[in-house]
Amino acid sequence: MVSAVSNGSNGIKRKADEVPEGPKPPKAYKNTEFLNSNASRMIRVMCEFQEPGHRLGQQKVENIVMFFGSARAQPLDRYEEAVAKAQQASDAKPGDDKLKQQLERLKKQAFLAPMFEATTELARMLTEWSMAREKKGEASYVVGTGAGPGMMEAANKGAWLANGPSVGFGISLPFEDRLNP
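Residues numbered from 1 in each chain as written. Predicted model: local features only at pLDDT ≥ 70, side-chain atom pairs only at ≥ 80, totals over all residues. Heavy atoms only, no water.

Okay, the packing of helix H3 (residues 76-92) against helix H4 (residues 97-107) next. Where H3 meets H4, the axes come as close as 9 Å, and the angle between the chain directions of the two elements is 160°. Our classification of the angle between H3 and H4 gives roughly antiparallel. Crossing of H3 over H4 shows left-handed handedness. The residues of H4 that touch H3, namely those facing Tyr79, Ala82, Val83, Ala86, Gln87, Ala89 and Ser90, are Leu99, Lys100, Leu103, Leu106 and Lys107. Of the residues in the contact of H3 with H4, the class split is 8 nonpolar, 2 polar and 2 charged. (Axes fitted to C-alpha atoms, helices over the stretch in contact; angles between N-to-C directions. Helix = DSSP H or I, 4+ residues; strand = E, 2+ residues; numbered from the N terminus. Parallel < 35°, antiparallel > 145°, perpendicular 65-115°, else oblique. Left-handed = near helix turned anticlockwise from the far one by under 90°. Contact = heavy atoms within 4.5 Å. Nonpolar A, V, L, I, M, F, W, Y, C, P; charged D, E, K, R; others polar.)

Laid out in structure tokens, this is it:
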């Protein structure tokens, strides 16, 4: 049974039950071309906030003590090794001002080496204190960092030495090749 017949603007008779179905568009959240476009930048930024929060909730992380500091800090042994290498390079090419500047810049970071060790120790102590609180049913605290080198590495190391968790909120930077564990 035909429910209706119409004459289109081109004079062709069409039956109502012959109306074609249109295409089914993809879900916007599954459309990678759209999600990677400039128009979706705010959606991607929002995901960068929401996804870590979701992950932290799954891991039952509620309280975080953030550690901030220089990404250029190194433990004393690595610092001394870097200075020795820079000194050798500068001595090998005495006329190279760039090598001299690199050595001087590195020497100015000497004050950071003891801070690296202090940060490692503070994060270790915080983690042990937090784990003792958790055993008593009290709120626990997790070491948090930017997941990079330097003081962030030191804090993550301290939590690791205490056999506790740490959270690294890493971002992608062209000059950083990895996150801390």
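What follows covers the sheet that holds strand S3 (residues 64-66). Sheet architecture is open: 3 strands sit in the order S3-S4-S5, paired in parallel fashion. The strands lining the two open edges of the sheet, one partner per strand, are S3 and strand S5 (166-168). On average, each strand axis in the sheet is inclined to that of its neighbour by 30°, with strand direction left out of account. Bridge count for S3 against strand S4 (residues 142-145) is 3 bridges, and the pairing is parallel. (Pairing = 2+ DSSP bridges.)

Moving on: helix H5 (residues 112-135). Across its 24 residues, H5 extends 35 Å between first and last C-alpha, which sits within 8% of the 34 Å expected from 1.5 Å per residue. Contact partners of the buried residues in H5: S3, H3, S4 and helix H6 (151-161). Once H5 ends, the next one or two residues include Gly137, with phi positive near 80°. (Expected span 1.5 Å × (residues − 1).)

When we look at a pair of aromatic rings, we describe it by the centre distance and by the angle of the planes. The tally for this structure, following the rule as stated, stands at 1 aromatic pair. Geometrically, the ring pair formed by Trp129 and Tyr141 is stacked, given 5.5 Å between the ring centres and 25° between the ring planes. Highlighted residues: Trp129 in helix H5 and Tyr141 in the loop between H5 and S4, separated in sequence by 12 residues. (Phe/Tyr/Trp six-rings, centres within 6.5 Å; stacked < 30°, edge-to-face > 60°.)

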